[in-house]
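# Observations on the three-dimensional arrangement
Now for the letters of each chain:
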Amino acid sequence: IHQMGALDFAGGTVVHISSGVAALAAALMLGKRRGYLREPMPPHNLTLTVTGAGLLWVGWFGFNAGSALAANGLAVSAFVATHLGASAAALTWVLAEWTVTGKPTVLGAASGAVAGLVAITPASGFVGPMSSLIIGGAAGVICYLAVRMKPRFGYDDALDVVGVHAVGGIWGALA
């Protein structure tokens, strides 16, 4: 007998969708920064951004693989899925960015990696390497496009939490 429900290996659905929706609520309540869309607001320290993304990526292995609750084949599978999903998303985010704007960025690679980590988390214990690449690769493009939609929707999310966590989390849960 089939039961209704959702598969969420490492809790990504609860963590990422709720944080993304909370970020949207906060952005709407706080309003836009002074000068938003009128003056450039690039990240002030790309070195720290990339360092943080790298540390996050390494820590995510413990989060996803650790959800197996043992050092076994399931943990290894989740570890591999996590790495491939993040790698594929970093690559496709940069390719999408390059296609749309004419230049890839290191910030885009870091954002794409996080988008891939977010998207693969619910499925990390249930999918193999090829599915991980597909979920991550799609997440890179989907989340990049979602981040680019911020001005159209009129909210100011300086850290792209809505585009990466809410949209990436929804994609990951569905995938």
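Quick note: structure is the one above.
Residues numbered from 1 in each chain as written. Predicted model: local features only at pLDDT ≥ 70, side-chain atom pairs only at ≥ 80, totals over all residues. Heavy atoms only, no water.

## Considering the packing of aromatic side chains
Overall, the coordinates contain four aromatic pairs when judged by the stated rule. Between Phe9 and Phe126 the ring centres are 5.7 Å apart and the planes differ by 85 degrees, which places this aromatic pair in the edge-to-face class. A residue pair is termed long-range when its members are at least 10 positions apart, and Phe9 in the segment before α1 (12–30) and Phe126 in the loop between α4 (106–120) and α5 (129–148) qualify at 117 residues. (Phe/Tyr/Trp six-rings, centres within 6.5 Å; stacked < 30°, edge-to-face > 60°. Helix = DSSP H or I, 4+ residues; strand = E, 2+ residues; numbered from the N terminus.)

## Re the packing of α1 against helix α7 (residues 161–174)
It is at 8 Å that the axes of α1 and α7 come closest, and there the two elements cross at 145 degrees. The two elements α1 and α7 cross, and the hand of that crossing is left-handed. Residue-level contacts link Thr13, His16, Ile17, Ser19, Gly20, Val21, Ala23 and Leu24 of α1 to Val161, Val162, His165, Ala166, Gly169, Ile170 and Ala173 of α7. Residues of the contact of α1 with α7, tallied by class, amount to nine nonpolar, six polar and no charged. (Axes fitted to C-alpha atoms, helices over the stretch in contact; angles between N-to-C directions. Left-handed = near helix turned anticlockwise from the far one by under 90°. Contact = heavy atoms within 4.5 Å. Nonpolar A, V, L, I, M, F, W, Y, C, P; charged D, E, K, R; others polar.)

## Quick word on the layout of surface pockets
Of the volumes computed, that of the largest pocket is approximately 1,200 Å³. In terms of lining residues, the largest pocket is bounded by 37 residues, among which Pro43, Leu107, Lys150, Ala158 and Asp160 are the most central. By residue class, the composition of the lining of the largest pocket is 22 nonpolar, nine polar and six charged. As a volume, the second largest pocket reaches approximately 170 Å³. Around the second largest pocket sit Ala23, Ala26, Ala27, Leu30, Gly31, Arg33, Asp156, Asp157, Ala158, Leu159 and Val161, which together line it. Broken down by element, the lining of the second largest pocket gets its largest block of residues, four residues, from α1. A breakdown of the residues in the lining of the second largest pocket according to their chemical character gives seven nonpolar, one polar and three charged. (1 Å grid on protein atoms, 1.4 Å probe; cavity = no way out; pocket = protein on both sides within 12 Å on 5 of 7 lines; lining within 4 Å. Points joined across faces, edges and corners; volume = space filled by probe spheres on them.)

## Observations concerning the nonpolar core
With 16 residues, the main nonpolar core has Trp57, Trp93, Ala115, Leu117, Val118 and Val164 as its most contacted residues. Mapped by element, the contributors of at least two residues to this core are α2 (46–66), α3 (73–101), α4 and α5. The leading source of residues in this core is α4, at five residues. Not counting chain neighbours up to four residues away, the residues in contact with Ala115 comprise Ala89, Trp93, Ala139, Cys143 and Val164. In this structure, Ala81, Ile120, Ala123 and Ala139 belong to the second largest nonpolar core, which totals seven residues. (Core = buried A, V, L, I, M, F, W, Y, C linked by side-chain atoms within 4.5 Å. Buried < 20%, exposed > 50% of the residue type's maximum accessible area, 1.4 Å probe, protein only.)

## Here's the deal with a nonpolar patch on the surface
Together, Leu46, Val50, Val106 and Leu107 make up a nonpolar patch on the protein surface, roughly 280 Å² of accessible area in all. Of all the secondary structure elements, the ones that give two or more residues to the nonpolar patch are α2 and α4. Within the secondary structure, Leu107 is located in helix α4. (Patch = residues over 30% accessible without salt bridge, like charges linked within 9 Å, V, L, I, M, F, W, Y side chains within 5 Å. Areas by Shrake-Rupley, 256 points an atom, 1.4 Å probe, with all protein chains shown as cover. Salt bridge = Lys/Arg side-chain N within 4 Å of Asp/Glu carboxyl O.)

## Observations concerning the environment of Pro129
Looking at the element boundaries, Pro129 is found in helix α5. With sequence-adjacent residues up to four places away left out, Pro129 is seen in contact with Val80 and Leu84.

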